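Inside the fold
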Amino acid sequence: MALLRDWLDLGRNTFGSLRADDVTNLYSLEWPETRNILIADHRSAIERERRGLRRWTRTLSAIFFGLAKRLAPHRRILFILSQVAFFICVISIFTRMKDPPFWIFVQLTATFLVMTVLLAMELIDKIKIRDELALARELQASLIPARPPQVPGYDIAAFNRIANTVGGDIYDFVPLADGRLAVLFGDASGHGMAAGLVMAVAHAAFRTQLDVDASPAAITASLNRILCRTGGSRSFFSCCYLLLTPGGEFVATVAGHPPMLQIDAGGRVVERFGRGAYPLGVKTRMDWQELRGTLLAGHRLVLHSDGLSETRNRDGLDLGYDTVESIAGWNAGGSAGGTVENLVAEWRRFAGGASVEDDVSIAVIKRV
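Owing to the predicted nature of the structure, the values given are computational and were not obtained by experimental measurement.

1. A short note on the state of the cysteines
- If you walk through the whole model with that rule in mind, you get zero disulfides.
- Here Cys240 is not disulfide-linked; the sulfur of Cys239 is the nearest cysteine sulfur, at 6.8 Å.

Take a look at the structure:
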């Protein structure tokens, strides 16, 4: 009964929201656009044909080819087999009837073609969305530095792996004119396009504010103000902002982000910076505590998104913060890149091929 009620509700919603423009656009806008995309590879051959049965047949063949071409290989096989099976069934029905009425054949074929047209339009819509996501992914990739900058006195390495087509993690390392290094490491809420948009807004605000005032208080206040105005109630940005001097002194703010770890030359965690603060974009009037420290020779700062520590394996177990801290202390005398490689290798080994549900980012800054 519950399923029947769901079907009845769906029917009422369908007819209640249907407008005359929807039916008109289906034929005048949506189908012509879909048709043009599907026959694009054979348009010139079709246009050379005179109008008539040959042109109609070539167009129909091009549409089916364009549809099959855009399906994944395993779906393409099923699609072609279903086409063949349909016509075999129709032919077998007619061969067994003594006097088969022609209108039944027309009716079955028309129904088959309408279903195929609807499939084609739905497929093209999804391809458009996929292309837009691919463009957004390229934009995101351009915001994340492929290689951290070479800064005197520091060894920097980073890693980023997104869970969906578009991710919400960001890190940026900006050497300032006075010799200081500004570091933003953040994670936008959610996944996919929404997280990518929040991340892009935060990054643009960060780069703009750097030219005005690079202090942690100014950066966090500016990002929070802009994100509160542009984001929704569920859009926020967890981040660490770090300002390093050439001598190793630093001042930082941590907003709703996993603690930033300071690891000494022996591989021990000597400080965890940031706990319990609100992320940016939640409340307009807020202040974040400025945290100060000094990075001595051989010490490292390790930043990671919660996607790393909250990764689940096939048994449903989390990697955990304690494990991350333990791995980060390995090979204390090695490079920043070695620390990143250890974390990435153990993360992948722990996941064991399980699907990644969240973006994973890591950054290591070592004083040399």
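2. Describing the sheet that holds strand 3 (residues 181-188)
- Here five strands make up an open sheet; going across it, the order is 2-3-4-5-8 and the pairing antiparallel. Of all the strands in the sheet, the pair left with one neighbour each is strand 2 (169-175) and strand 8 (291-294). For this sheet the average axis-to-axis angle between neighbouring strands, irrespective of direction, equals 15 degrees.
- Running at roughly 155 degrees to strand 4 (residues 237-244), helix 8 (residues 216-230) makes contact with strand 4 and strand 5 (249-255) of the sheet.

3. Observations regarding the sheet that holds strand 10 (residues 360-367)
- One open sheet accounts for five strands, arranged 1-10-9-6-7; its pairing is antiparallel. The open sheet has two edge strands with one neighbour each: strand 1 (154-161) and strand 7 (269-273). For this sheet the average axis-to-axis angle between neighbouring strands, irrespective of direction, equals 15 degrees.
- Note that strand 6 (residues 260-263) and strand 9 (residues 300-304) share three bridges and pair antiparallel. Across the sheet, residue Ile263 finds its bridge partner in strand 9, namely Arg300.

4. A word on the packing of aromatic side chains
- Under the criterion given, the structure shown has five aromatic pairs.
- For the pair Phe206 and Tyr241, a centre-to-centre distance of 6.0 Å together with 65 degrees between the ring planes defines the contact as edge-to-face. On the criterion of sequence distance, the pair formed by Phe206 in helix 7 (residues 192-210) and Tyr241 in strand 4 is long-range, its members being 35 residues apart. One exposure class covers both Phe206 and Tyr241, and it is buried.

5. Focus on the pairing of strand 10
- Within strand 10, eight of the eight residues are buried, which leaves the element mostly enclosed by the surrounding structure.
- In strand 10, alternate side chains face the same way, and those of Val360, Ile362, Val364 and Lys366 on one face and Ser361, Ala363, Ile365 and Arg367 on the other are all buried.

6. Quick word on helix 4 (residues 53-69)
- Taking 1.5 Å as the rise per residue, helix 4 with 17 residues should run 24 Å; its terminal C-alpha atoms sit 24 Å apart, in good agreement.
- Regarding helix 4, the residues found buried are Arg55, Thr59, Ala62, Ile63, Phe64, Gly66, Leu67 and Ala68.

7. Let's talk about the nonpolar core
- Phe206, Leu210, Phe237, Leu242 and Ile365 are the most contacted members of the largest nonpolar core, which has 49 residues in total.
- Of all hydrophobic cores here, the second largest spans 18 residues; its members include Ala157, Ala336, Leu343 and Val360.

8. A closer look at helix 8
- With 15 residues, helix 8 should reach 21 Å at 1.5 Å per residue; the first-to-last C-alpha distance of 21 Å fits that figure.
- Within helix 8 the residues assigned to the buried category are Pro216, Ala218, Ile219, Thr220, Ser222, Leu223, Asn224 and Leu227.

9. Remarks on a nonpolar patch on the surface
- A cluster of nonpolar side chains, Leu3, Trp7 and Leu10, forms an exposed patch at the surface whose accessible area comes to about 370 Å².
- Relative to the assigned elements, Leu3 resides in helix 1 (residues 2-17).
- Judged by relative accessible area, Leu3 falls into the exposed class, the value being 59%.

Reading guide: rules and limits
- Along each chain, numbering runs from 1 in the same order as the chain's sequence is written.
- Residues qualify for local features only when their pLDDT is at least 70, as the model is predicted, and side-chain atom pairs are given and counted only at 80 or more; totals for whole chains, interfaces and linings, by contrast, use all residues.
- Values reported for side chains reflect all heavy atoms of the structure, with hydrogen atoms and water molecules removed beforehand.
- Cysteine sulfurs are considered disulfide-paired once they come within 2.5 Å of each other.
- Strands are treated as partners if at least two bridges between them are detected by DSSP.
- For helices the rule is a DSSP run of H or I covering at least 4 residues; for strands it is a run of E covering at least 2, with both sets numbered from the N terminus onward.
- Here, axes are lines fitted to C-alpha atoms. For helices the fit covers the stretch in contact, and angles between N-to-C directions go from 0 to 180 degrees.
- What makes two residues a contact is simply this: any of their non-hydrogen atoms within 4.5 Å.
- Here the aromatic set is Phe, Tyr and Trp, taking the six-membered ring for Trp, and pairing holds for ring centres within 6.5 Å; pairs whose planes are under 30 degrees apart are stacked, those over 60 apart are edge-to-face, and all others are tilted.
- Buried means the residue's accessible area, taken with a 1.4 Å probe over protein chains only, is under 20% of the maximum for its type, while exposed means over 50%, and partly exposed covers the values in between.
- By definition here, a helix of n residues has an expected span of 1.5 Å times n minus one.
- Side-chain atoms within 4.5 Å are what join buried Ala, Val, Leu, Ile, Met, Phe, Trp, Tyr and Cys residues into a set we call a nonpolar core.
- Patches in this entry comprise residues that are over 30% relatively accessible and not in a salt bridge; like charges within 9 Å are linked, as are nonpolar side chains (Val, Leu, Ile, Met, Phe, Trp, Tyr) within 5 Å.
- Note on areas: these come from Shrake-Rupley sampling with a 1.4 Å probe, and a residue is covered only by the protein chains present in the view.
- Here, a salt bridge means any side-chain nitrogen of Lys or Arg that lies within 4 Å of a carboxyl oxygen of Asp or Glu.

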